[in-house]
Structure formats: structure tokens, C-alpha cells
Amino acid sequence: MPKLQGFEFWSRTLGGARHVVAPMVDQSELAWRLLSRRHGAQLCYTPMLHAQVFIRDANYRKENLYCEVCPEDRPLIVQFCANDPEVFVQAALLAQDYCDAIDLNLGCPQMIAKRGHYGAFLQEEWDLLQRMILLAHEKLSVPVTCKIRVFPEIDKTVKYAQMLEKAGCQLLTVHGRTKEQKGPLSGTASWEHIKAVRKAVAIPVFANGNIQSLRDVERCIQDTGVQGVMSAEGNLHNPALFEGRSPAVWELAEEYLDIVRQYPCPLSYVRAHLFKLWHHTLQVHQQLREELAKVKTLEGVAAVNQELKLRCQEDISRQKEGEKPSGGLPFFHWICQPYLRPGPREGSEENGAARSKRALEEEEGGTDVLSKNKQKKQLRNPHKTFDPSLKPKYAKCDQCGNPKGNRCVFNLCRGCCKKRAFREAADCPGHGLLFRTKLEKSLAWKGAQSRLQEPQPAGSGEPGSLPEVVGSALA
């Protein structure tokens, strides 16, 4: 059967999907995808998988894709991050029998993507991307798709999308934010960019960004003309978003936990999902946040969910007639609803340039208010301190600035010391480096071997003979 392309692929293989769950690292695992499908999602993506790791690690393949076959989990698109055409295609060939399409991640804006040189940090390398998409289009038995972020300029974004289409991309997901728009600087996604791309290409387009409710989905389709809408944050806070419902938070938690019992996943995934799902309730019942962070088993999580349910029911029983939700929320805290990420304060631009995330943290008392990661560390170790003044002071390496070894003969860190000691054939007892000693022993051994192999004068006895041994012993 020939490989379907473009709109034929979208309508026949993907069933004309309009409601799409985004690829989310450690969050769009099988159990969550099944929960989302039960509540209106028509297409799901796997979490982003690293192509290089997928090729070399059989356990990674098994944990992320080669798990128990689940007919309910289709249509499914597997997403990879990669920056090498051959590696991308090798990984895709290993995955193509387990999905309906392969997606190339060109939208991840996180620092780890910058260090690994993938995601949105490839968007300027058009020649490389053309080769990756073209090779995948030629070699794979399933279509190749792309998920991108926009450039500030609409014209450049349109040319970018057209380049990917020409290379062989059969479906394009456009996140209407630039790679700089993330965290507290996320801002609003530009549907104008998405609309321009949709008009300029002849393949299906999915929109991503600003989706918090079913009303947003319908408005986005109407305003941009896209074939479908993808949701990430909105889906995590309300998996029934595509149904247009807002159930009680404990109901969806119970359903999700039942699915996890059938299709297990790491407890860290479960915990992360419930932190999102219960976000507003945990602002009210903060003790439950600590309990959820501490539990070590799925049954422990279920017990916390039961306690949360009882507390919410008590809140409902105390609710007064005509009372409105607090904190500016559209619904009471026990109802699934979107979380609107707070943006930077007014006047957060200086000299026309947006300040960094670090600057925003400092403005809001970043030295006094610990980040979430530091709060977690302190929860595990109450005696841990993050006060810079209390950190031990280390003398610095003369070359690289890292802490130097206290007993290093060169006043260097171990890495720099090893290089210098090797270059100079020197010893550094402080770092346990004995290049000179080993060299001297090696030369002495070679000298002894050469003397043993020299011909002996007549009557002196063979090497190792009794007279020689006795003589050396007496000496």
C-alpha cells in the first residue's frame, strides 16, 4: 500500500483529528494518553524521545514504545529530537511499526535543547533540516511531520514552513511563540503567524498555543483555518478539555490511577500529573502537597487523593449560597480549570529589551523565595541551606577557575593537574597521579630486560643460574 500524504494522511490515517494532545516529556505517557482519549482527544503524541538513545538502548525503546500493545492508543505519532539525518532515520525505522507517523521536534525551547543542539535551536539550519526531512520521507513507510516555533517575522515563518513542506513534511504543527517565549516570558501565542502558515502551505496544519478550553479550540480553528488544535498545559490541568467539561479534580485523578494500575509508569510521572491536576486545590490545602511529595507507592498516592476528596467535600458543604470563587478563578478550586502562568510585572522591559528569567526572580525576591526545585531539596533535607554566604570557600585552580586540590603540587584542579603531569611526566601525590614514578619503573624494567638478553661471557653462567642468584643474594 502506498504511503498516504498530506490531507489524505490526515483524513484517512488520523481520522481527520481536530483535538490533539501534545508531546510532553515525562507527561504524555501511555496512561495519560488513554485518559485524554477517553475525554475527547482524537490524536496523541508520545513524549519527545532522543533518537540517539532510542537507537542504542533497548530498555529505553521498551519503556517508551515497545510496551504492551494497546489498540486504544491509536492514532499515535512518535516524536524524536535529533540533529543528524542518519540518526533520525535509524531511530524512526525502529519506531515506525508502532505508530502512524514520525514527528521531528523543532519546537523545544529549553536550555537542555540548546546544549544538545536540537528542537527550536535548529530553526536557522535550513539545509540540515531539509536533509533530515527528505531522507526520512524517502526511507520511512509512515509519513514524517514537524512541530515548530515561529520566528518574530511572519514572512520568515512562512518561508520556513514552505521549506519543510517542500522537503517532505506531511503535517505541520505550529506553536505560535518564538523560542525566547518560555517560562515567565511566555506571553501570548500569535495566531496571526499560524494563520499565515496555514494559507501558505498545502498540507494540514495544527495550531498550538493559548488553548485553555473547548471554546478556545473552536475559536482558534475559526480564526486560523487550521485542521486541528494541539493542547499541552490546558490538557494537563483538565484532561476533559476537549469534551468541554470541567469535572472535580479527584474524579479524573481516580480514573487516571485506575489506568496506571493497568499500564504502569514511573511514580514521578504520576506525581507530576497530580501536582498539575490539583494545582488550585493545593494552594488551599498545602499539607496535601507535602504528603503527595513524600508518598512512595501508587496506593499511597490513591490515599492522598481520597484525603483531598474528603477535604474538598467539606469545603463544598461549607460553601455559602451565592459565594464566588476566590483568587480570581473561574471555578472553585476543586474543579478542573486552566492555570494562567503569571507574566512579568509591568515595566519589566528595560531599554527596550526583555529581562532575563534570573532578573525577574531577583525582582520578586529570588534570594529569599526558593525555587520549586530548591523547596523539594529542602523538603527532603530540612537542614539544607542555600545561603551563598554559608557555602564553603574553595581556592581556585590557576588555569580554569574550578576548585583546586588542597595538596596539588601545581595548585590546579584534578583535570588540569592530570594534563600537566602527563605533559611533563611529573608526579602529583595529592591527586594520586604518578606519571614520573611509572615512567621510571618502566624504564628500569626495560633496562633489566635488555641486560638479561645480552650474551654472557664464557664461564659466567647462564642468566638466572645458581651462581648469579647466590651472588646477587650476597650482594
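In what follows, the structure referred to is the one given above.
Within every chain, residues take consecutive numbers counted from 1 along the sequence as written. Restriction of local features to residues with pLDDT of at least 70 applies here, the model being predicted, together with a cutoff of 80 or more for giving and counting side-chain atom pairs; totals for whole chains, interfaces and linings are based on all residues. Hydrogens and waters are ignored; side-chain quantities use all the structure's heavy atoms.

**Q** What am I meant to see in the overall build of the protein here?
**A** Only DSSP runs of H or I with at least four residues qualify as helices, and only runs of E with at least two residues qualify as strands; both kinds are numbered from the N terminus onward. Scanning the protein from N- to C-terminus turns up 21 helices and 13 strands. The rule is simple: take the accessible area with a 1.4 Å probe, protein chains only, and divide by the maximum for that residue type; under 20% is buried, over 50% is exposed, in between is partly exposed. Residues counted as buried form 44% of the 475 residues belonging to the protein. Here the contacts in the protein between residues at least 6 apart in sequence split such that 63% fall between residues at least 24 apart. Only the protein chains shown count as cover for residues, and all accessible areas are computed by the Shrake-Rupley method using a 1.4 Å probe. Approximately 25,900 Å² of the protein is accessible, and the part contributed by carbon and sulfur atoms is 51%. Residue contacts are defined here by distance: any two heavy atoms, one from each residue, within 4.5 Å place the two residues in contact.

**Q** Teacher, can you tell me more about a positive patch on the surface here?
**A** Exposure above 30% relative accessible area and no salt bridge define the residues that can form patches, which grow by joining like charges within 9 Å and nonpolar side chains of Val, Leu, Ile, Met, Phe, Trp and Tyr within 5 Å. A pairing counts as a salt bridge when a side-chain nitrogen of Lys or Arg comes within 4 Å of a carboxyl oxygen of Asp or Glu. Residues scored as charged are limited to Lys and Arg (positive) and Asp and Glu (negative), so that His and the chain ends carry no count. Lys charges are placed at NZ, Arg charges at CZ, Asp charges at CG and Glu charges at CD. Together, Arg289, Lys296, Lys372, Lys374, Lys376, Lys377, Arg380 and Lys384 make up a positively charged patch on the protein surface. Among the secondary structure elements, Lys372 is positioned in helix α18 (residues 372-380). Residue classification places Lys372 among the exposed positions, given a relative accessible area of 66%.

**Q** What is the right way to read the side chain of Arg311 from this model?
**A** Mapping Arg311 onto the fold places it in helix α16 (residues 298-317). Side-chain atoms alone can form a polar contact between residues adjacent in sequence; in general such a contact is a pair of N or O atoms within 3.5 Å, and within protein one must be able to donate a hydrogen while the other accepts it. At 3.4 Å, the side chain of Arg311 and the side chain of Gln287 are in polar contact. When near neighbours in sequence (up to four residues on either side) are disregarded, Arg311 contacts His285, Gln287 and Leu288.

**Q** I would appreciate a short explanation of the packing of aromatic side chains in the present structure.
**A** The relation between two aromatic rings is expressed through the spacing of the ring centres and the mutual angle of the planes. Only Phe, Tyr and Trp rings are paired, with Trp represented by its six-membered ring, and only when their centres lie within 6.5 Å; those with planes under 30 degrees apart are stacked, over 60 edge-to-face, the remainder tilted. Under the criterion given, the structure shown has eleven aromatic pairs. Three or more aromatic residues joined by ring pairs make a cluster, and in this case those are Phe54, Tyr60, Tyr66, Phe80 and Tyr98.

**Q** Explain the layout of surface pockets here, please?
**A** Unoccupied space between atoms shows up once a probe the size of one water molecule is rolled over them. With a 1 Å grid laid over protein atoms only, a set of points is called a cavity when a 1.4 Å probe fits there but cannot get out and a pocket when it is open yet has protein on both sides within 12 Å along at least five of seven lines; lining residues have an atom within 4 Å of a point. Grid points are joined across faces, edges and corners, and a volume is the space filled by probe spheres set on the points. Taken as a whole, the second largest pocket spans an internal volume of roughly 240 Å³. Counted by class, the lining of the second largest pocket contains six nonpolar, five polar and four charged residues. Only Asp, Glu, Lys and Arg are considered charged in this grouping, and only Ala, Val, Leu, Ile, Met, Phe, Trp, Tyr, Cys and Pro are considered nonpolar; every other residue, Gly among them, is considered polar.

**Q** What am I meant to see in unusual backbone geometry here?
**A** Most of the time, phi is negative for any residue but glycine, and the peptide bond is trans. Between Arg74 and the following residue, Pro75, the backbone shows a cis peptide bond with an omega angle of 0 degrees. Structurally, Pro75 can be placed in the loop between α4 (58-64) and β4 (76-81). Within the chain, His117 stands out as a residue other than glycine whose phi angle is a positive 60 degrees. Topologically, His117 is positioned in the loop between α6 (111-116) and α7 (126-139). With relative accessibility at 31%, the residue His117 sits in the partly exposed group.

**Q** Got a minute to help me understand the pairing of strand β9 (residues 228-231) in this structure?
**A** Within a regular strand, side chains alternate between the sheet's two faces. Taking every second residue as pointing to the same face, both faces of β9 are buried, with Gly228 and Met230 on one and Val229 and Ser231 on the other. Pairing analysis gives three bridges linking strand β1 (residues 19-21) to β9, with the strands arranged parallel. Across the sheet, His19 pairs through a bridge with Val229, a residue of β9. We call two strands paired when DSSP finds no fewer than two bridges between them. Examined bridge by bridge, strand β8 (residues 205-208) and β9 share three bridges and lie parallel to one another.

**Q** Please explain the nonpolar core as it appears in this structure.
**A** In globular proteins that are soluble, nonpolar side chains generally tend to be buried together. The biggest cluster of nonpolar side chains holds 112 residues, and the ones touching the most others in it are Phe80, Ile102, Leu164, Leu172 and Trp278. At eight residues, the largest contribution of residues to this core is made by helix α12 (residues 249-262). Delimitation of the domains relies on an automatic or database domain assignment. For this core, the domains that each give at least three residues are domain 1 (6-245) and domain 2 (246-339). Nonpolar core, defined: a set of buried Ala, Val, Leu, Ile, Met, Phe, Trp, Tyr and Cys residues in which side-chain atoms within 4.5 Å join the residues together. Grouped together as the second largest cluster of nonpolar side chains are eleven residues, Cys408, Cys416, Ala426 and Cys428 included.

**Q** Got a minute to help me understand the pairing of β8 in this structure?
**A** Burial along β8 is two-sided: Val205 and Ala207 and Phe206 and Asn208, pointing in opposite directions, are all buried. The pairing of strand β7 (residues 172-175) with β8 spans four bridges and is classified as parallel. By the bridge assignment, Thr173 is partnered in β8 with Phe206. Seen with its strands pointing away from the viewer, a crossover is right-handed if its path from the first strand over the helix to the second goes clockwise. As a crossover connection, the stretch from β7 through helix α9 (residues 191-200) into β8 is right-handed. With respect to chirality, the unit in which β8 leads through helix α10 (residues 214-224) into the neighbouring parallel β9 is right-handed.

**Q** Looking at this structure, how should I read α16?
**A** In this model, α16 (20 residues) spans 29 Å end to end at C-alpha, consistent with the 28 Å of a helix rising 1.5 Å per residue. Residues of α16 that are buried in the fold lie against α12, α13 (267-277), α14 (279-284) and α15 (286-294). Take the number of residues in a helix, subtract one, and multiply by 1.5 Å to get its expected span.

**Q** How should I be thinking about the side chain of His237 in this particular structure?
**A** As for its placement among the helices and strands, His237 is situated in helix α11 (residues 233-237). With relative accessibility at 2%, the residue His237 sits in the buried group. Reaching out from His237, the side chain makes a polar contact with the backbone oxygen of Lys276 at a distance of 2.9 Å. If we skip the residues at most four places from it in the chain, His237 touches Lys276, Leu277, His279, Cys336, Gln337, Pro338 and Tyr339.

**Q** What is the right way to look at helix α8 (residues 154-167) in this model?
**A** Note on helix geometry: an α-helix contains 3.6 residues per turn, so any two residues three or four positions apart are oriented the same way. Compared with an ideal rise of 1.5 Å per residue, which puts 14 residues at 20 Å, α8 spans 20 Å between its outermost C-alpha atoms and is within 8% of the ideal. Those residues of α8 lying buried are Thr157, Val158, Tyr160, Ala161, Met163, Leu164 and Ala167. Packed against the buried residues of α8 are β5 (101-106), α7, β6 (144-149), β7 and α9. Just past α8, the residue Gly168 takes up positive phi, approximately 130 degrees.

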